[in-house]
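One-letter residues, chain by chain:
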Amino acid sequence: MTADTIDHSTLAELAEAGSVRAVHVIGQPGGWSLRVKYGAVERTLAAQRSRQTRVFRRMETLVSYLKDVG
């Protein structure tokens, strides 16, 4: 994970604590990625295995993911 990314477990903890201020869906070739803002910091969601930016191929999958995170 690079310094400008956030992983799923950290995002889930921040969401549970009510610390997430905004989530932006960013369109890009091949799908969508997420930018998460908490405090004065904004980070991109990283894929669990590759630690690269997570790209959701389907909008429905992204929406479901966000609902599960809270």
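Residues numbered from 1 in each chain as written. Predicted model: local features only at pLDDT ≥ 70, side-chain atom pairs only at ≥ 80, totals over all residues. Heavy atoms only, no water.

Draft legend 1. Expanded view of the packing of aromatic side chains. This model, assessed by the stated rule, comprises 1 aromatic pair. Judged by centre distance (5.4 Å) and plane angle (50 degrees), the rings of phenylalanine 56 and tyrosine 65 are tilted. On the accessibility criterion, phenylalanine 56 (2% relative accessible area) is buried. Judged by relative accessible area, which is 11%, tyrosine 65 ranks as buried. When the ring centre of tyrosine 65 is taken as origin, the NZ or CZ atom of arginine 54, which lies over that ring, is 5.0 Å away. (Phe/Tyr/Trp six-rings, centres within 6.5 Å; stacked < 30°, edge-to-face > 60°. Buried < 20%, exposed > 50% of the residue type's maximum accessible area, 1.4 Å probe, protein only. Lys NZ or Arg CZ within 6 Å of the ring centre and 35° of its normal.)

Draft legend 2. Region of interest: the environment of arginine 57. Mapped onto the fold, arginine 57 is located in the loop between strand 4 (41-45) and helix 2 (59-69). Looking at arginine 57, the relative accessible area reads 73%, which means it is exposed. Measuring from C-alpha to C-alpha, the distance between arginine 57 and alanine 47 comes to 13 Å, with 10 residues separating the pair along the chain. (Helix = DSSP H or I, 4+ residues; strand = E, 2+ residues; numbered from the N terminus.)

Draft legend 3. Structural context of the pattern of salt bridges. Applying the stated criterion to the full structure yields 2 salt bridges. One salt bridge connects arginine 35 with glutamate 42, and the closest N-O pair in it is separated by 3.7 Å. Here arginine 58 and glutamate 60 are joined by a salt bridge, their closest N and O atoms 3.7 Å apart. Residue glutamate 60 is classed as exposed on the basis of its relative accessible area of 52%. (Salt bridge = Lys/Arg side-chain N within 4 Å of Asp/Glu carboxyl O.)

Draft legend 4. A look at the environment of proline 29. Looking at the element boundaries, proline 29 is found in the loop between strand 2 (20-28) and strand 3 (31-38). For the pair proline 29 and arginine 57, spaced 28 residues apart in sequence, the C-alpha separation works out to 9.3 Å.

Draft legend 5. Inspection of the pairing of strand 3 at higher detail. Here strand 2 runs beside strand 3; their pairing, made up of 8 bridges, is antiparallel. The residue bridging valine 23 from the neighbouring strand is valine 36, located in strand 3. Connecting strand 2 to the next strand, strand 3, in antiparallel fashion are 2 residues, including glycine 30 with a positive phi near 95 degrees. Pairing geometry for strand 3 and strand 4, over 4 bridges, is antiparallel. Its bridge partner lying in strand 4, valine 36 is registered against arginine 43. Where strand 3 hands over to strand 4, the hairpin turn is made up of 2 residues, of which glycine 39 adopts a positive phi near 60 degrees. (Pairing = 2+ DSSP bridges.)

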